[in-house]
Amino acid sequence: MTRPWPLYAKLALLGVFLYVLIYALYLGQQIFLPLAFSFLFAVLLRPFEIVLVRLRIPRPVAILLAIAIAILVVAGIIAFISSQLASFISDIPAVKKNLDDLWRQCQKWISNTLNLTRKQQDDLLEQAKSQTVDNFGAVGTFNIITASIATLTLIPVYVFLFMYYRTLLLRFMMQLFDAKHSAKVEECIREIKYVVQHYITGIMTETVIVAVLNITGLLLIGAPYAVLLGLIGAIMNLIPYIGGLLAIILTALLTFTNTGSFETMTWSIIIYIIVQFIDNNFLVPYIIGSRVKLNALFSIIGVLLGGALFGIGGMFLSIPIIAICKVIFDRIEELQPYGQLLGDDVPTWNPLSRKHFRRNRKPTP
């Protein structure tokens, strides 16, 4: 009879496994990120494929049509945002003047508060700019642009292949496990599909509502470029917990630099705080929370970890990946404590209370 592994050995093995996995994902992020996004899009577009196949359209053609419709929708959104950006770019000289005025006021405050002369502040700023240029540089910019173009080209290809070989991949997953586990594996796959589809559709619904609320509020206070700022705020809100704060800061800065009015900037901050309150307390619980049962603590940790490893793309992918992990953990007996740790089902009793300890204590042999 084999003896069970001690706890310290299990923890050490788990730590080594997580380290190797995260390091491998970091090294191969240019491969894994497009694959992860393509998997999500493939699951999302599956209902469109089903509808087209029922219309007696050949399956490869149906997949291509579903992908083409998705590309047209994304291209339309990008074109609309670009048209809004064009009018904003035309007013850059006025924005630069307001930024210069704001910078002079900040320099005056820093001089009075921190006893740093304007020359010292300019020297520190030039040093930071030179370090940024050295780290980023033309080669870095070229590599980023090239990688982005390659990623955008590969994602539609990956989506088509995921959708076309869906049954092959499902058969492979079923054959990995013994026949006695087939029912549980099938249930896990169906649950992952449900979570991914409903999470993405919920995120899209939430983004549209937040965009409408942002734009309406900014129009009411007469903020410039209300449509552009409202859309940018809604898109940044896709990054859980962190994106909303960044949207408030960015909108306040752009509103002030365009108007030079502290009052308008303050009202824009108030509007975004109200929208965030509505989003966090009504939209997220009823639109997304009902589909993805994750607690805020590990959601924030996942977003920060995804951003540190894979940048903005990792932030977007963090919540769906954690949700998929939770589905898997909940259906494997040994991993169920991890699934409960990621969930938002908070126990109403104290596990450390003496009453609970006496009730669950094993009798001494």
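Above this text you will find the structure in question.
Each value, and the rule that gives it
Residues numbered from 1 in each chain as written. Predicted model: local features only at pLDDT ≥ 70, side-chain atom pairs only at ≥ 80, totals over all residues. Heavy atoms only, no water. Helix = DSSP H or I, 4+ residues; strand = E, 2+ residues; numbered from the N terminus. Contact = heavy atoms within 4.5 Å. Areas by Shrake-Rupley, 256 points an atom, 1.4 Å probe, with all protein chains shown as cover. Axes fitted to C-alpha atoms, helices over the stretch in contact; angles between N-to-C directions. Parallel < 35°, antiparallel > 145°, perpendicular 65-115°, else oblique. Left-handed = near helix turned anticlockwise from the far one by under 90°. Nonpolar A, V, L, I, M, F, W, Y, C, P; charged D, E, K, R; others polar. Salt bridge = Lys/Arg side-chain N within 4 Å of Asp/Glu carboxyl O. Buried < 20%, exposed > 50% of the residue type's maximum accessible area, 1.4 Å probe, protein only. Core = buried A, V, L, I, M, F, W, Y, C linked by side-chain atoms within 4.5 Å. Polar contact = N/O pair within 3.5 Å; in protein donor to acceptor, adjacent residues only side chain to side chain.

On to the overall build of the chain. Of regular secondary structure, the chain possesses 14 helices and zero strands. When the elements of the chain are put in sequence order from the N terminus, they spell out α-α-α-α-α-α-α-α-α-α-α-α-α-α. Residue pairs at least 24 apart in sequence account for 66% of intrachain contacts in the chain once pairs closer than 6 positions are excluded. By element, 71% of the accessible surface of the chain is carried by carbon and sulfur atoms, the whole surface being about 24,300 Å².

With that settled, consider the packing of helix α11 (residues 296–310) against helix α12 (residues 312–330). Where α11 meets α12, the axes come as close as 7 Å, and the angle between the chain directions of the two elements is 140°. By the angle class used here, α11 and α12 are oblique. The hand of the α11/α12 crossing is right-handed. Judged by residue contacts, Phe-298, Ser-299, Gly-302, Val-303, Gly-306, Gly-307 and Phe-310 of α11 engage Ile-312, Gly-313, Gly-314, Met-315, Ser-318, Ile-319 and Ile-322 from α12. Residues of the contact of α11 with α12, tallied by class, amount to seven nonpolar, seven polar and no charged.

Taken as a whole and judged by the stated rule, the model has five salt bridges. Here Lys-326 makes a salt bridge to Asp-330, at a shortest N to O gap of 2.7 Å. With Lys-326 and Asp-330 both in helix α12, this residue pair falls four residues apart, about one helical turn. Note on Lys-326: relative accessible area 15%, which makes it buried. Ionic contacts of the salt-bridge type, sharing partners, join the residues Arg-46, Glu-49 and Arg-59 into one network.

Here we take up the nonpolar core. Proteins that are soluble and globular tend to have nonpolar side chains buried together. Grouped together as the largest cluster of nonpolar side chains are 24 residues, with contacts concentrated most on Ile-192, Val-196, Ile-200 and Leu-294. Elements represented by at least two residues in this core include exactly α2 (29–54), α7 (182–220), α11 and α12. The residues contacting Val-196, other than those within four sequence positions of it, are Leu-40, Val-43 and Ile-324. The next biggest cluster of nonpolar side chains, apart from the first, holds 20 residues, and it includes Val-210, Ala-211, Ala-226 and Leu-283.

This part is about the environment of Val-53. The residue Val-53 is located in helix α2 in this model. Val-53 gets classed as partly exposed once you look at its relative accessible area, which sits at 35%. Measuring from C-alpha to C-alpha, the distance between Val-53 and Ile-63 comes to 8.9 Å, with ten residues separating the pair along the chain. Not counting residues within four places of it along the chain, the set of residues in contact with Val-53 comprises Arg-59 and Ala-62.

What follows deals with the side chain of Thr-251. Here Thr-251 is to be found in helix α9 (residues 242–259). Given the relative accessible area of 3%, Thr-251 is considered buried. Here the side chain of Thr-251 touches Ala-247 through a polar contact of 2.8 Å, landing on its backbone oxygen.

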